[in-house]
Amino acid sequence: MKRAEKAREFFLSGLNCSQSVVAAFSDILGLSENAAARLSTGLGGGVGRQREVCGTVSGAAMVLGFVFGGDDATQKAKAYEKVREFSEEFKKRNRFIVCRQLLGLDESVKESSTPDERTAEYYKKRPCVELVSDAAEILEAMLCENNP
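Residues numbered from 1 in each chain as written. Predicted model: local features only at pLDDT ≥ 70, side-chain atom pairs only at ≥ 80, totals over all residues. Heavy atoms only, no water.

*Asks:* So what about the overall build of the chain? Which residues, and what values?
*Replies:* Counting its secondary structure elements, the chain contains ten helices and zero strands. Reading the helices (α) and strands (β) of the chain from amino to carboxyl end gives α-α-α-α-α-α-α-α-α-α. Scaling as 2.2 N^0.38, a compact globule of 148 residues should have a C-alpha radius of gyration of about 15 Å, and the chain matches this with 15 Å. In the chain, which comprises 148 residues, the proportion classed as buried is 41%. Within the chain, contacts between residues separated by at least 24 positions form 66% of all contacts whose residues are at least 6 apart in sequence. Taken as a whole, the chain presents about 8,200 Å² of accessible surface, with 51% of it coming from carbon and sulfur. Once the 21 positive and 22 negative side-chain charges of the chain are each reduced to a mean point, those two points are 2 Å apart. (Helix = DSSP H or I, 4+ residues; strand = E, 2+ residues; numbered from the N terminus. Rg over C-alpha atoms; globule rule 2.2 N^0.38 Å. Buried < 20%, exposed > 50% of the residue type's maximum accessible area, 1.4 Å probe, protein only. Contact = heavy atoms within 4.5 Å. Areas by Shrake-Rupley, 256 points an atom, 1.4 Å probe, with all protein chains shown as cover. Lys, Arg positive; Asp, Glu negative; His and termini not counted. Charge placed at Lys NZ, Arg CZ, Asp CG, Glu CD.)

See below:
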């Protein structure tokens, strides 16, 4: 199963956007799917449902940081470069990387930290399933490009 499909399934099963992306790459991180989902929980909904940077983008940044990052300046620069590359491709597909913009939300509206109930209506009005899929697809392509 491709990682985009796996990420999509995770989202449809109730994981948030960030959890879905990170869990789809848990093997690369050396974590169980559950541990990867727990680690990335707080990034969902644009970091704690604040509607800032999309959780799919934050989750991808975590994976890219793990693969390319490190504690020296060269490794950090490489990770930053890869995150920027990811973000540019995500923007080409979706125009934005900010959750509230992706969802078409008014900036003045402050949402609670309680996640919305996952209903048929929720999935109809939210592009999140597609965003999760896009993020995993982009990330998988980037990682394959470095490990053919």
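*Asks:* Tell me about helix α1 (residues 3–12), and name the residues and values.
*Replies:* Among the residues of α1, Arg3, Ala4, Ala7, Phe10 and Phe11 are the ones counted as buried. Mapping the buried residues of α1 onto a view down its axis gives an arc of 120°, with all of them on the same face. Phi turns positive, to about 120°, at Gly14, one or two residues after α1. (Arc of directions from axis to C-beta.)

*Asks:* So, the pattern of salt bridges: which residues are in play, and what are the values?
*Replies:* The full count for this structure, using the stated rule, is twelve salt bridges. Of the charged contacts in the structure, one is a salt bridge between Arg93 and Asp134, with a shortest N-O distance of 3.5 Å. One end of the pair, Arg93, is in helix α7 (residues 73–94); the other, Asp134, is in helix α10 (residues 128–146), with 41 residues separating them in the sequence. Given the relative accessible area of 18%, Asp134 is considered buried. A salt bridge links Arg93 to Glu137, with the nearest nitrogen and oxygen atoms 2.8 Å apart. On the criterion of sequence distance, the pair formed by Arg93 in helix α7 and Glu137 in helix α10 is long-range, its members being 44 residues apart. A single network of salt bridges, built from pairs that share partners, joins Glu89, Arg93, Asp134 and Glu137. (Salt bridge = Lys/Arg side-chain N within 4 Å of Asp/Glu carboxyl O.)

*Asks:* So, the side chain of Gln19: which residues are in play, and what are the values?
*Replies:* Positionally, Gln19 belongs in helix α2 (residues 17–24). The exposure class of Gln19 is buried, given its relative accessible area of 11%. Those residues in contact with Gln19, other than ones at most four positions away along the chain, are Ala37, Ser40 and Thr41.

*Asks:* Account for the packing of helix α6 (residues 55–68) against α7, with residues named and values stated.
*Replies:* Where α6 meets α7, the axes come as close as 9 Å, and the angle between the chain directions of the two elements is 145°. Note on packing geometry: the crossing formed by α6 with α7 is right-handed. Facing α6, whose interface residues are Thr56, Val57, Ala60, Ala61, Leu64, Gly65 and Phe68, α7 presents Gln75, Lys78, Ala79, Lys82, Val83, Phe86, Ser87 and Phe90. Split by residue class, the contact of α6 with α7 holds nine nonpolar, four polar and two charged. (Axes fitted to C-alpha atoms, helices over the stretch in contact; angles between N-to-C directions. Left-handed = near helix turned anticlockwise from the far one by under 90°. Nonpolar A, V, L, I, M, F, W, Y, C, P; charged D, E, K, R; others polar.)

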